[in-house]
Amino acid sequence: MRILAMVKRIIQQMVRDKRALALMMVAPLLIITLLNYLLSGNTVNPKVAVTNADDAIVEQLKDREIIVVRYGQIDNLKKVLVDDELDGALQFNGEEIVLTLTNAQPSTAKALQLKIQQALAAENAKKQASNIAIFIEDIKSNLPSGTPIEIKKVAAPEITTSYIYGNKDTIFFDQLSPILVGFFVFFFVFLISGIALLRERTTGTLDRLMATPIQRRDIVFGYLLGYGIFAVIQTIIVVFYSVKVLDIMLVGSVWNVILINLCLALVALSLGILLSAFANSEFQMMQFIPIAIIPQVFFAGIFPVEAMADWMQVIAKCMPMYYGGNALVDVMYKGLGLSAIRNELLILLGFALVFIVLNVLALRKYRKI
């Protein structure tokens, strides 16, 4: 009977907490739906620049679902590949074949390299078969006895491969690791700041503050600066541990990496404080994670955003981690400088400003000043 009484009490408690019950039922459906659309997205065909190539080779490439863009002489190959958003370049200089891969996504680059090798091998085999056919026709034409017949062998093409980003040993984790560094900074700052402010409310500290003449914006900035100090320390520790101890790939400046993560931490801090205003317990604060945090990692660059449906690309651009992930990959993997990530940093600061303003407005329900 005691067990049944406890079960009855828990059921009644859960039924009274409508939001917890709804999130428990809806949050898994949301995550599964997002994964379904992400994993069933359209495949983006690779786009390759080609110079001095035969029409037959171009057709072989197109048969393998490669978008071919013909160029004349390319002076600055890296600039052309980056500016025109190409996945690679295939250049024919007589008998020499040079393949340059952008390698922005290592798994995609390896698949593209394999397709190009297959296309060149298929064309080589086709030429070899043509030579054999000529040999058979010569036999059929009743050549005089003793006439030497030679089958011209077509040498297999040798490809020289180079990379704009990374090298032949680059793996998917090298491009994924910068995103994970930013995500863990974002996640733990959000969690700690949200629960810490929630404790301030549940213990009555915030109510006592609101009873004084202090302005709402002063409270918000006070919490931001107070918890921000620890967020800065945590960010620096995570970045240096990832780079120096775990030896995660870092091509660009470590200070740019720290700057990006500090912007992410500021966004997470202001978002955590904002959402804590709508939670009455730590359990309710945890319920925001499937809604506000987990979707961030899906749109941070782990899955190619350009392969998503149009409406999902719109959602992706509303996520702070979309810009943070892109900036971290640009610095840590591609080695770009501060000027290349300026827009992403400004957008992250814009997110933080919006959340700070909403924080000030959210405190109205505790006191009108």
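The preceding data block contains the structure.
Before going into details, it helps to say that this report is about the structure given with it. (Residues numbered from 1 in each chain as written. Predicted model: local features only at pLDDT ≥ 70, side-chain atom pairs only at ≥ 80, totals over all residues. Heavy atoms only, no water.)

## Points about the side chain of Gln91
So, step 1. Here Gln91 is to be found in strand E3 (residues 88-93).
So, step 2. Gln91 sits in the buried class, given a relative accessible area of 16%.
So, step 3. Residues in contact with Gln91, not counting those within four places in the same chain, are Thr51, Ile74, Leu77, Glu96, Ile97, Val98 and Thr100. (Helix = DSSP H or I, 4+ residues; strand = E, 2+ residues; numbered from the N terminus. Buried < 20%, exposed > 50% of the residue type's maximum accessible area, 1.4 Å probe, protein only. Contact = heavy atoms within 4.5 Å.)

## Some remarks on the sheet that holds strand E5 (residues 159-163)
So, step 1. Here we have five strands laid out as an open sheet, ordered E2-E1-E3-E4-E5, and mixed in their pairing. For this open sheet the edge positions go to strand E2 (67-70) and E5, each flanked by a neighbour on one side alone. Going from strand to strand, the sheet's axes swing by 20° on average, the running direction of each strand aside.
So, step 2. Bridge count for strand E1 (residues 47-51) against E2 is four bridges, and the pairing is parallel. By the bridge assignment for E2, Ala49 is matched with Val69. (Pairing = 2+ DSSP bridges. Axes fitted to C-alpha atoms, helices over the stretch in contact; angles between N-to-C directions.)

## Brief notes about the packing of aromatic side chains
So, step 1. Throughout the structure, instances matching the rule amount to 11 aromatic pairs.
So, step 2. The interplanar angle of 75° and the centroid separation of 5.0 Å between the aromatic rings of Phe187 and Phe188 together place this pair among those described as edge-to-face.
So, step 3. The exposure class assigned to Phe188 is partly exposed, which follows from its relative accessible area of 37%.
So, step 4. Measuring from ring centre to ring centre gives 6.3 Å for Phe351 and Phe355, while their planes differ by 35°; the resulting arrangement is tilted. In this pair, Phe351 and Phe355 are both assigned in helix H14 (residues 342-362), four residues apart and thus about one turn of the helix distant.
So, step 5. In this structure Phe351 comes out as buried when scored by relative accessible area, which is 18%.
So, step 6. On the basis of relative accessibility, which here comes to 13%, the residue Phe355 falls in the buried class.
So, step 7. Counting every residue linked through ring pairs, the aromatic cluster contains Phe183, Phe184, Phe187 and Phe188. (Phe/Tyr/Trp six-rings, centres within 6.5 Å; stacked < 30°, edge-to-face > 60°.)

## Let's talk about unusual backbone geometry
Trans peptide bonds make up the majority, and among non-glycine residues the majority have a negative phi.
So, step 1. A positive phi angle, close to 65°, is found at Asn103, a residue other than glycine.
So, step 2. Turning to its location among the elements, Asn103 is positioned in the loop between strand E4 (96-101) and helix H5 (106-140).
So, step 3. Backbone geometry places Asp247, a non-glycine residue, at a positive phi of 60°.
So, step 4. When you line up the elements, Asp247 lands in the loop between helix H8 (216-245) and helix H9 (254-276).

## A look at helix H3 (residues 55-63)
Structural remark: α-helix, 3.6 residues per turn; residues separated by three or four positions point the same way.
So, step 1. Taken residue by residue, H3 has Ile57, Val58, Gln60 and Leu61 as its buried positions. Viewed along the axis of H3, the buried residues span an arc of 160°, placing them on a single side of the element. Residues of H3 that are exposed and angled more than 90 degrees away from the buried face: Asp55 and Asp63. (Arc of directions from axis to C-beta.)

## As for the nonpolar core
So, step 1. By size, the foremost hydrophobic cluster in this structure holds 83 residues, and its most contacted members are Phe186, Phe190, Met285, Ile293 and Phe299.
So, step 2. Here this core takes 14 residues from H9, the largest share from any one element.
So, step 3. The residues touching Met285, leaving out its near neighbours within four places in the chain, are Phe190, Gly194, Ile195, Leu198, Gly272, Leu275, Ser276 and Ala279.
So, step 4. In terms of nonpolar packing, the next biggest core, distinct from the first, is built from 18 residues, Leu90, Ile97, Leu101 and Ile116 among them. (Core = buried A, V, L, I, M, F, W, Y, C linked by side-chain atoms within 4.5 Å.)

## Re the pairing of E3
So, step 1. Counted residue by residue, E3 has five buried out of six residues, so it is predominantly covered.
So, step 2. Both E1 and E3 contribute to a ladder of four bridges, which runs parallel. The partner of Val50 across the bridge, within E3, is Leu90.
So, step 3. Pairing of E3 with E4, which is carried by six bridges, proceeds in the antiparallel orientation.

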